[in-house]
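# Understanding the architecture of this molecule
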Amino acid sequence: MAMQTLRESQTTNEENNFMNAYSTMLVEVEKMNSELIDNAGRVKPEVYDKKQKRIDELRNCLVLFNQSFFKMMYYKQEMVTWKKKCLDKELEFVNFVTNSLDNESSRK
């Protein structure tokens, strides 16, 4: 149980992949925005507005992902903390029972 709790507290490959994809997407959205700004004079206003709206939507998606990902990580850490407390209490109980049995056997 202790090893399982330790494993659960570590970041998984899947979580690392999500964070890598998030970082890549941040860079790509900023590139899109820079290109849009650089080409602002050459793009029709309707096209510019549509592209700007798309960039804003992507940024909003990134913010929402960031919030949900770190909230999930927070709950994951809380779960691990709770499991560690349970393991500590279980160990305390086992030690208590063992000590009680040792004391009783030494009286006889």
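Residues numbered from 1 in each chain as written. Predicted model: local features only at pLDDT ≥ 70, side-chain atom pairs only at ≥ 80, totals over all residues. Heavy atoms only, no water.

### With respect to the nonpolar core
Operational definition: Put simply, buried Ala, Val, Leu, Ile, Met, Phe, Trp, Tyr and Cys residues joined by side-chain atoms within 4.5 Å make one nonpolar core. For each residue, the accessible area found with a 1.4 Å probe, counting protein chains only, is set against the maximum for its type, and the residue is called buried under 20%, exposed over 50%, and partly exposed in between. Residues are treated as being in contact if the distance between any of their heavy atoms lies within 4.5 Å.
Counting residues in each nonpolar core, the largest one holds 6 residues, listed as Tyr22, Val29, Leu36, Ile55, Leu58 and Leu62. When near neighbours in sequence (up to four residues on either side) are disregarded, Tyr22 contacts Leu62, Phe65 and Asn66.

### Details of the packing of aromatic side chains
How we decide: Within 6.5 Å between ring centres, the rings of Phe, Tyr and Trp (the latter by its six-membered ring) count as paired, and their orientation is classed by plane angle as stacked under 30 degrees, edge-to-face over 60, tilted in between.
The final tally for this structure, using the stated rule, is 4 aromatic pairs. Measuring from centroid to centroid gives 5.4 Å for Phe69 and Phe70, while their planes differ by 90°, and the two rings are edge-to-face. Under the relative-accessibility criterion, Phe70 is labelled partly exposed at 43%. Grouping aromatic residues by their ring pairs yields a cluster made of Tyr22, Phe65, Phe69 and Phe70.

### A word on the pattern of salt bridges
Formally: Any Lys or Arg side-chain nitrogen located within 4 Å of an Asp or Glu carboxyl oxygen qualifies as a salt bridge. Helix and strand labels come from DSSP, where a helix needs a run of H or I of at least four residues and a strand needs a run of E of at least two; each type is numbered from the N terminus.
Inspection of the entire model under this criterion finds 6 salt bridges. Note that Lys76 is salt-bridged to Glu15, the shortest N-O span being 2.9 Å. Of this pair, Lys76 sits in helix H3 (residues 45-107) while Glu15 is found in helix H2 (residues 13-38), placing the two residues 61 residues apart along the sequence. Assessed through its relative accessible area of 14%, Lys76 is described here as buried. Taking the relative accessible area as the measure of exposure, Glu15 reaches 8% and is therefore buried. With a shortest N-O distance of 3.0 Å, Lys84 and Asp88 are connected by a salt bridge.

### A word on H2
Threshold: One less than the residue count of a helix, multiplied by 1.5 Å, gives the span that helix is expected to have.
Over its 26 residues, H2 extends 37 Å from the first C-alpha to the last, a length consistent with the 38 Å expected when each residue adds 1.5 Å. What H2 keeps buried is the set Glu15, Tyr22, Val29, Asn33 and Leu36. Buried-residue contacts for H2 involve H3.

### Side note on H3
Here H3 contains 63 residues, and its C-alpha end-to-end distance of 93 Å stays within 8% of the 93 Å for a straight helix at 1.5 Å per residue. Listing the buried residues of H3 in full gives Gln52, Ile55, Leu58, Leu62, Phe69, Lys76, Val80, Lys83 and Leu87.

### Considerations on a nonpolar patch on the surface
To keep things clear, this is the line we draw: Patches in this entry comprise residues that are over 30% relatively accessible and not in a salt bridge; like charges within 9 Å are linked, as are nonpolar side chains (Val, Leu, Ile, Met, Phe, Trp, Tyr) within 5 Å. Note on areas: these come from Shrake-Rupley sampling with a 1.4 Å probe, and a residue is covered only by the protein chains present in the view.
A cluster of nonpolar side chains, contributed by Phe93, Val94, Phe96, Val97 and Leu101, occupies part of the molecular surface with about 500 Å² of accessible area. Topologically, Phe96 is positioned in helix H3.

### Side note on the packing of H2 against H3
We count it as follows: Helix axes are fitted only over the stretch in contact, all axes being lines through C-alpha atoms; the angle between N-to-C directions runs from 0 to 180 degrees. Reported orientations rely on four angle classes, namely roughly parallel under 35 degrees, roughly antiparallel over 145, roughly perpendicular from 65 to 115, and oblique for the rest. Crossing chirality is assigned from the near helix's rotation relative to the far helix, an anticlockwise turn below a right angle marking it left-handed and a clockwise turn marking it right-handed. Note on residue classes: Ala, Val, Leu, Ile, Met, Phe, Trp, Tyr, Cys and Pro are nonpolar, Asp, Glu, Lys and Arg are charged, and everything else, Gly too, is polar.
Contact geometry for H2 and H3: axes closest at 10 Å, N-to-C directions at 160°. Between H2 and H3, the angle is such that the two are roughly antiparallel. Relative to H3, H2 is oriented so that their crossing is left-handed. A per-class count over the contact of H2 with H3 returns 17 nonpolar, 3 polar and 5 charged.

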